[in-house]
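Remarks on the overall topology
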Amino acid sequence: MFRISQLLTTMLDDRPVPKARKMPGPVVIWNLIRRCNLQCKHCYSTSLDIDFKDELSTEQIKATIDDLKVAQVPVLILSGGEPLLRPDIYEITQYAKDKGFYVALSTNGTLITEENIEQIKAADYQYVGISIDGLEEFHDEFRRQKGSFKTSMHAIKLCKEAGIKVGMRLCLTKDNFKDLPAMLDLMEENQVDKFYLSHLNYSGRGKRSAENDAMFKMTKAAMELLFERAWAHIEQGIESDFVTGNNDADGPFLLQWAQKKFTEHPKRVANLKQRLINWGGNASGVNVANIDNTGTIHPDTYWWNHPIGNVKNEKFSDVWKNTQDELMLGFRQSPRPVKGRCKACQYLSICGGNTRTRAFAQSGDAWAEDPGCYLDDHEIGISTLQESTSTENNNDIAVVQL
C-alpha cells in the first residue's frame, strides 16, 4: 500500500528520515470466504453467490491465527468474497483481536445495515474499507447489482455514525476516471477517513478486463488529483488518509510531482526520496501474504494461481520463513531479477519492479517488465538509443547517444 498522505505530511518541515524498518512479519490479507452477493467485473477471486468446497472451518482459522502470531504477523485484513457472509465472522474477529492483531474488514458494504451495525461496532475493527467504484450509474453496473451504490454509501454513513474508521475503496479504470473528482467530493462531504485507489491488476476477472485499464495519461491525471487533494487536506488541517495500491510507479511519480511543487525545499524532497527508497515498493512475498478460503498460502492476493503451501497441513510460519519456492526467492532478492525497462529504470530501488502479476499475465514471465507502469522511458531515465555518424580523420565513427 502506498501512503500518499503520510509521505506528504513530511513535506511540512525538515524532519530527519528514520532508518528503514524491517517488518517482523507480513501483513496477511485473508480471503475467509469466496462466496459473494455481488459479481464485480474486476474480481480477482472470481467469486459467485454460491457455497465453495473445502473452505476453512472456524477451528482451522483459529489454529492458523495462533500460528500467525508465531510468524509475527502484525495485521490481518479479513476479506472475501464478502466476509460478512461467514456466520462466524465476529467470532473470528474477536479471537484475532484477543491475540493482539490489528484487524481490518474489507467489504462491499451492501450487507452493513441498521440490524448489524452494533455488532460491527462491537467487533472493534481498526478499519472498515467499503468499495465504491464510481458514481451511482457506473458503480451499479460495475458491481452488477442495481441499488448497490446507495446501499454501500448508506453503510459508510452507518459506520461514521457508529464511530468506526471507514474508507472508500475505488478500482480505477478508464471508464470511471471521469467520476473521480466527484468521488473525492463525496469523501469530503461524508467525512470519510480514508480514500484508497486501486489500480487494475490483471488477474481473475480483472485479467479479462485488461483492455479497460485506465490509459496511462489518465492514470497520471488521477494520481495528480489525489496528490493535490491530499496536500490540500494537509494544509487545511483535515484529518484524512489517501492511499493507493497495485502500481508501485506511484512512488516515483509522487517524487517527480514533489520535485516540481516544492522547488523551494530541496532538502525535504531529498528526504522524501530516501523515505521512498526505505519503503521499497512492491512487497509481494516479503511484507504481504495471502491466505485464501481453502487455506492455500500465496505471495499476495493476485497470485492465486501460485500456491506455496496450505495451513490445513502446514504451519504458515514455517512455509513463509523456509520456502524454497522459486518465485518467492525472486521476490526476496534485492534488487529483484526484473528485466527490460524495469531493470534499466532509475527508480528500481523505489518501486521494487512494480507488480509482477501484470508482467506474468501479459508475457508468461513473472520477471518481464511491468506493462502497467505508466511512466514513459524519459521519466524513468531511459533514453532511446540513437545512432548517428560523424567523420573524423576521414573515418566513419558510430556515435551512440545514451
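**Some details on helix α16 (residues 356-363)**
Along α16, the residues that are buried comprise Arg356, Thr357, Arg358, Ala359 and Ala361. Immediately downstream of α16, the backbone of Gly364 shows phi near 80°, a positive value.

**Considering helix α9 (residues 216-236)**
Here α9 is 21 residues long and its end C-alpha atoms lie 30 Å apart, about the 30 Å a rise of 1.5 Å per residue gives. Looking at the residues trailing α9, positive phi occurs at Gly237, about 75°.

**Describing the pairing of strand β3 (residues 75-79)**
Most of β3 is tucked away: four of the five residues are buried. As paired elements, strand β2 (residues 27-31) and β3 share four bridges and run parallel to each other. Bridging from a neighbouring strand, Asn31 pairs with Ser79 of β3. Bridge analysis of β3 against strand β4 (residues 102-107) gives four bridges, and the strand direction is parallel. Pairing of Leu78 across the sheet is with Leu105, part of β4. In terms of handedness, the path from β3 via helix α3 (residues 89-98) over to β4 forms a crossover that is right-handed.

**A short note on the sheet that holds β2**
Strand order across the open sheet formed by eleven strands is β1-β8-β7-β6-β5-β4-β3-β2-β9-β10-β11, with mixed pairing between neighbours. Two strands close off the open sheet at either side, each with one partner strand: β1 (2-3) and β11 (309-310). Bridge count for strand β6 (residues 166-172) against strand β7 (residues 194-199) is six bridges, and the pairing is parallel. Across the sheet, residue Leu170 finds its bridge partner in β7, namely Leu197. Lying over the sheet, helix α7 (residues 180-189) contacts β6, β7 and β8 (241-245), oriented at roughly 155° with respect to β7. Sheet strands in contact with α9 are β6, β7 and β8, and its direction is about 155° off that of β8.

About the thresholds
Residues numbered from 1 in each chain as written. Predicted model: local features only at pLDDT ≥ 70, side-chain atom pairs only at ≥ 80, totals over all residues. Heavy atoms only, no water. Buried < 20%, exposed > 50% of the residue type's maximum accessible area, 1.4 Å probe, protein only. Helix = DSSP H or I, 4+ residues; strand = E, 2+ residues; numbered from the N terminus. Expected span 1.5 Å × (residues − 1). Pairing = 2+ DSSP bridges. Right-handed = clockwise from strand over helix to strand, strands pointing away. Contact = heavy atoms within 4.5 Å. Axes fitted to C-alpha atoms, helices over the stretch in contact; angles between N-to-C directions.

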